[in-house]
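Okay, here's what each chain looks like letter by letter:
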Amino acid sequence: MSWEIKLLNEPKMMTFFINCKFQLFTKTFLLSVLLIGHTAIFCSGSEPIHSLDFSGNGPIFLSKKQISEDLNLASRLFRDNYVRHPIFEQHGINWEGVFQKLESLLLKDINPVLTHHFQKQLIKALEFTEDSNIQADLFLKKRHYVQRVEPKAAFYTGITLAQQQNRFRVLPGLHQTKNIINHWFINCAKSQEVFFPVLPQRQAELLFMLGKQANHQLKHLNCTFESEAGVKRETLLPLFISKSELNFEGNPIYEFVDGRIPYIRWYRDGKAEETDVKKFYKLARKLRKSQNLIIDVRGNKHGSFRFIENWLREYTSSHWKNVIIRERQTIQILNGLLNRVQWNLHHDTSRHLIGKDQLEQKREQLRSLIYHFIEKELDQKWVETKFIFNGNKDAPEWETRLIVIANHHCGNGCQFLAALTKQIPDGTLIGTNTGSFPKNSFGPVFQLRHSRIMLTFENKLHLNHLGEPVSTSGYLPDYWLFPPTGLTEIMRYANKPN
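None of the values given here were measured: they were computed from a predicted structure. (Residues numbered from 1 in each chain as written. Predicted model: local features only at pLDDT ≥ 70, side-chain atom pairs only at ≥ 80, totals over all residues. Heavy atoms only, no water.)

Undergrad: What am I meant to see in the overall build of the protein here?
TA: Along the protein, the regular secondary structure elements total 12 helices and 23 strands. The contacts of the protein with a sequence gap of at least 6 include a subset with a gap of at least 24, amounting to 73%. Of the roughly 26,300 Å² that the protein leaves accessible, carbon and sulfur atoms contribute 52%. (Helix = DSSP H or I, 4+ residues; strand = E, 2+ residues; numbered from the N terminus. Contact = heavy atoms within 4.5 Å. Areas by Shrake-Rupley, 256 points an atom, 1.4 Å probe, with all protein chains shown as cover.)

Written as structure tokens, this is what we have:
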């Protein structure tokens, strides 16, 4: 009361009090305008992002004007919000040209374009990114159409090639190679073949599997080989794809095979009080003196960094920082994240790890953050998360040759281990690429004006321990794993000097 009386009796204090009230009113008004109807406010030149329309009442066909305007909006959304946009630009991608080419293709059609067809062509035009986090959702007449950029898979022929100087010779193998054994590889017609490095059979040997990468089913490669006598032979080689293992809750926490080369298959996380978890950590202490170690994390999609961190802490006193996530925040991206909350609330939250209460809390946090950006007049902000491992001081230093076996079902813990093989001197990654990371479980969502297509892409960037962006395919293996090669061959490789 005395403070209020003093304000009334002091003109300067009264002025200060009025200014404070006015500032508070102004800020409250700004926040109210920002949040009413979930409509975003941006800096000059940005597109307003409204809440998502799930009604399905969009047009079945699009006019040429609607196509042009939606593609123009999509181009700006990627330019302003897609975290990898400048990276692709630095590698020579002309983003404006990508959308202009798509517009020319669609406008050539004399008939009205189906909205669903527009959705398909939009994603097809973005396949060059190989980013499986890019997705387009269309709710139309009570139907939900989903299109996403499909990651490339490794198709293999079963033909193993040995590099000799600058040429590649066919090694004995599958039945279909009998006519080209010891022939030299020349080329493959109408196709960009790939040489996948595979496990060597002898030291200093460079072996490759002939194949191709694609995001759709392939039937064969038509390749030419040449004998020592100079006779060329054209051969049609069928293409195969490996089945990718995925672990489930019914799997045990781990499997251990003792021997000269200890082998651990880590299937999933467990709770600290579980007997098998205690045995798992005890195993780490037992293996401290091992010079070689194989950790198999194929299919471990949900294995956490924290779980494997606790295991490694029992094993070593070393320190690493090898996975970095950089998240870009702008007002427009934050409103896209508000749309993501709306998306998750609209769909059955039981399918998500985050419950309704947590989503509501997330929504309030995002609103507060948007208000903070407006108040501080911030253009953008980067938030960095580092997977830092600090070992147990009582454990020995790391002196182990580590072999990690992984596939594209690779969660946080798997990504950490895969990255570790790229960081330590004696690390080897075997299997397939580890896939896009982080997974787009909570990425921003933006809706195009006319087609009502909802676009999703990442605002987070995966960096390695050197601070360099990891490709959208994830970490590439040092040696790819194709049938019939398996654990026996990996053990044989591990037993050889590095």
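Following the structure, the description resumes.
Undergrad: How do you make sense of the environment of Phe387 when you look at a structure like this?
TA: Relative to the assigned elements, Phe387 resides in strand β17 (residues 381-390). Of the residues examined, Phe387 reaches a relative accessible area of 10% and is grouped as buried. Counting along the chain gives 62 residues from Phe387 to Ile325, while the straight-line C-alpha distance between them is 8.4 Å. Beyond its immediate stretch of four places on either side in the chain, Phe387 contacts Phe305, Trp320, Lys321, Asn322, Val323, Ile325, Asn412, Phe416 and Phe437. (Buried < 20%, exposed > 50% of the residue type's maximum accessible area, 1.4 Å probe, protein only.)

Undergrad: Explanation requested: the layout of surface pockets in the structure shown.
TA: Remark: the empty space left among the atoms is shown by a probe the size of a water molecule rolled over them. Roughly 610 Å³ of volume is contained in the second largest pocket. Secondary structure elements with two or more residues in the lining of the second largest pocket: β5 (153-164), β9 (207-214) and α12 (487-494). Counting residues per element, the lining of the second largest pocket draws most heavily on β5, at 6 residues. A breakdown of the residues in the lining of the second largest pocket according to their chemical character gives 16 nonpolar, 7 polar and 5 charged. (1 Å grid on protein atoms, 1.4 Å probe; cavity = no way out; pocket = protein on both sides within 12 Å on 5 of 7 lines; lining within 4 Å. Points joined across faces, edges and corners; volume = space filled by probe spheres on them. Nonpolar A, V, L, I, M, F, W, Y, C, P; charged D, E, K, R; others polar.)

Undergrad: I tried to follow unusual backbone geometry on my own but got confused; where do I start?
TA: If a residue is not glycine, its phi is most likely negative; likewise, a peptide bond is most likely trans. Backbone torsion omega between Phe437 and Pro438 reads 0°, so that peptide bond is classified as cis. Between Pro483 and the following residue, Pro484, the backbone shows a cis peptide bond with an omega angle of 5°. Backbone geometry places Arg452, a non-glycine residue, at a positive phi of 65°.

Undergrad: Explanation requested: the sheet that holds strand β20 (residues 445-447) in the structure shown.
TA: Strands pair in a sheet through their backbones, by hydrogen bonds, and they do so in one of two ways: parallel or antiparallel. The 4 strands are arranged β4-β3-β21-β20 in an open sheet whose pairing can be described as antiparallel. Here the strands that pair on one side only, and so sit at the sheet edges, are β4 (143-148) and β20. Recorded for the sheet is a direction-independent mean angle of 20° between the axes of neighbouring strands. Of the strand pairs in this sheet, strand β3 (residues 135-140) and β4 are connected by 6 bridges, and their pairing is antiparallel. Within β4, the residue paired with Ala136 across the bridge is Gln147. (Pairing = 2+ DSSP bridges. Axes fitted to C-alpha atoms, helices over the stretch in contact; angles between N-to-C directions.)

Undergrad: Can you help me understand the pattern of salt bridges in this one?
TA: Think of it this way: side chains of opposite charge can pair up when their charged atoms draw near. All chains considered together, the criterion is met by 19 salt bridges. Where Arg363 meets Glu360, a salt bridge forms, and the shortest distance between an N and an O atom there is 3.2 Å. With Arg363 and Glu360 both in helix α10 (residues 356-376) and 3 residues apart, this pair spans about one turn of that helix. A residue is classified by how much of its surface remains accessible, and Glu360, at 29% relative accessible area, is partly exposed. The shortest N-O distance in the salt bridge between Glu364 and Arg367 comes to 3.0 Å. (Salt bridge = Lys/Arg side-chain N within 4 Å of Asp/Glu carboxyl O.)

Undergrad: Got a minute to help me understand a nonpolar patch on the surface in this structure?
TA: Taken together, the side chains of Ile60, Phe61 and Leu114 present a nonpolar region at the surface, about 270 Å² in accessible area. One can find Leu114 in strand β2 (residues 113-114). (Patch = residues over 30% accessible without salt bridge, like charges linked within 9 Å, V, L, I, M, F, W, Y side chains within 5 Å.)

Undergrad: Please clarify how the state of the cysteines should be interpreted in this entry.
TA: Working definition of a disulfide: a covalent bond connecting the sulfur atoms of two cysteines. The tally for this structure, following the rule as stated, stands at 2 disulfides. Here Cys188 connects covalently by a disulfide to Cys223, the sulfurs 2.0 Å from one another. Linking Cys188 and Cys223, the disulfide has an S-S dihedral of approximately 90° and is accordingly described as right-handed. Of this pair, Cys188 sits in strand β7 (residues 184-188) while Cys223 sits in strand β10 (residues 220-226), placing them 35 residues apart in sequence. Judged by its relative accessible area of 7%, Cys188 is buried. Sulfur-sulfur distance for the disulfide between Cys410 and Cys414 comes to 2.0 Å. The sign of the -100° torsion about the S-S bond sets the Cys410-Cys414 disulfide as left-handed. The burial state of Cys410 is the same as that of Cys414; both residues are buried. (Disulfide = S-S within 2.5 Å.)

Undergrad: Please explain the packing of aromatic side chains as it appears in this structure.
TA: Each aromatic ring pair is summarised here by two numbers: the centre-to-centre distance and the angle between the ring planes. Inspection of every chain in the model, using the stated rule, returns 38 aromatic pairs. Aromatic pair Phe88 and Phe128: ring centres 5.6 Å apart, planes at 80°, arrangement edge-to-face. Here Phe128 lies in the loop between α6 (115-125) and β3 and Phe88 lies in helix α4 (residues 85-90), a separation of 40 residues in the sequence. Residues Phe185 and Phe225 carry aromatic rings whose centres are separated by 5.7 Å and whose planes lie at 70° to one another, so their mutual orientation is edge-to-face. You can see Phe185 sitting in strand β7 and its partner Phe225 sitting in strand β10, a full 40 residues away along the chain. For Phe185, a relative accessible area of 10% puts it in the buried group. Note that Arg169 overlies the ring of Trp184, its terminal NZ or CZ placed 4.1 Å from the centroid. The ring centre of Trp382 lies 4.4 Å from the NZ or CZ of Arg326, which sits over that ring. (Phe/Tyr/Trp six-rings, centres within 6.5 Å; stacked < 30°, edge-to-face > 60°. Lys NZ or Arg CZ within 6 Å of the ring centre and 35° of its normal.)

Undergrad: I tried to follow the sheet that holds strand β22 (residues 460-463) on my own but got confused; where do I start?
TA: An order of β17-β16-β22 is seen for the 3 strands of this open sheet, with the pairing classed as antiparallel. Looking at which strands have only one partner, the edges of the open sheet turn out to be β17 and β22. In this sheet, neighbouring strand axes are inclined to one another by 20° on average, regardless of whether the strands run parallel or antiparallel. This element, helix α8 (residues 305-315), spans β16 (319-329) and β17 of the sheet and lies at about 35° to β17.

Undergrad: Where do I start with the nonpolar core in this structure?
TA: As a rule of thumb, soluble globular proteins bury nonpolar side chains together. Within the largest apolar cluster, 40 residues are counted, with the highest numbers of intra-cluster contacts made by Trp311 and Leu312. Every element with two or more residues in this core is listed here: β14 (263-266), α7 (275-286), β15 (292-296), α8, β16, β17, β18 (401-406) and α11 (412-423). Those residues in contact with Leu312, other than ones at most four positions away along the chain, are Trp320, Phe389, Trp398, Phe416 and Leu417. Ranked by size, the runner-up nonpolar core spans 29 residues in total, among them Leu62, Trp95, Leu102 and Val113. (Core = buried A, V, L, I, M, F, W, Y, C linked by side-chain atoms within 4.5 Å.)

Undergrad: For this particular structure, what's the right way to read α12?
TA: Since the α-helix advances by 3.6 residues per turn, residues separated by three or four positions end up pointing in the same direction. Looking only at α12, the buried set comprises Ile490, Met491, Tyr493 and Ala494. For α12, the arc enclosing every buried residue in end-on projection is 160°, short of the 170-degree limit, so these residues lie on one face. Turning to α12, the residues buried within the fold contact β14, β15, β18, β19 (427-431) and β23 (479-480). (Arc of directions from axis to C-beta.)

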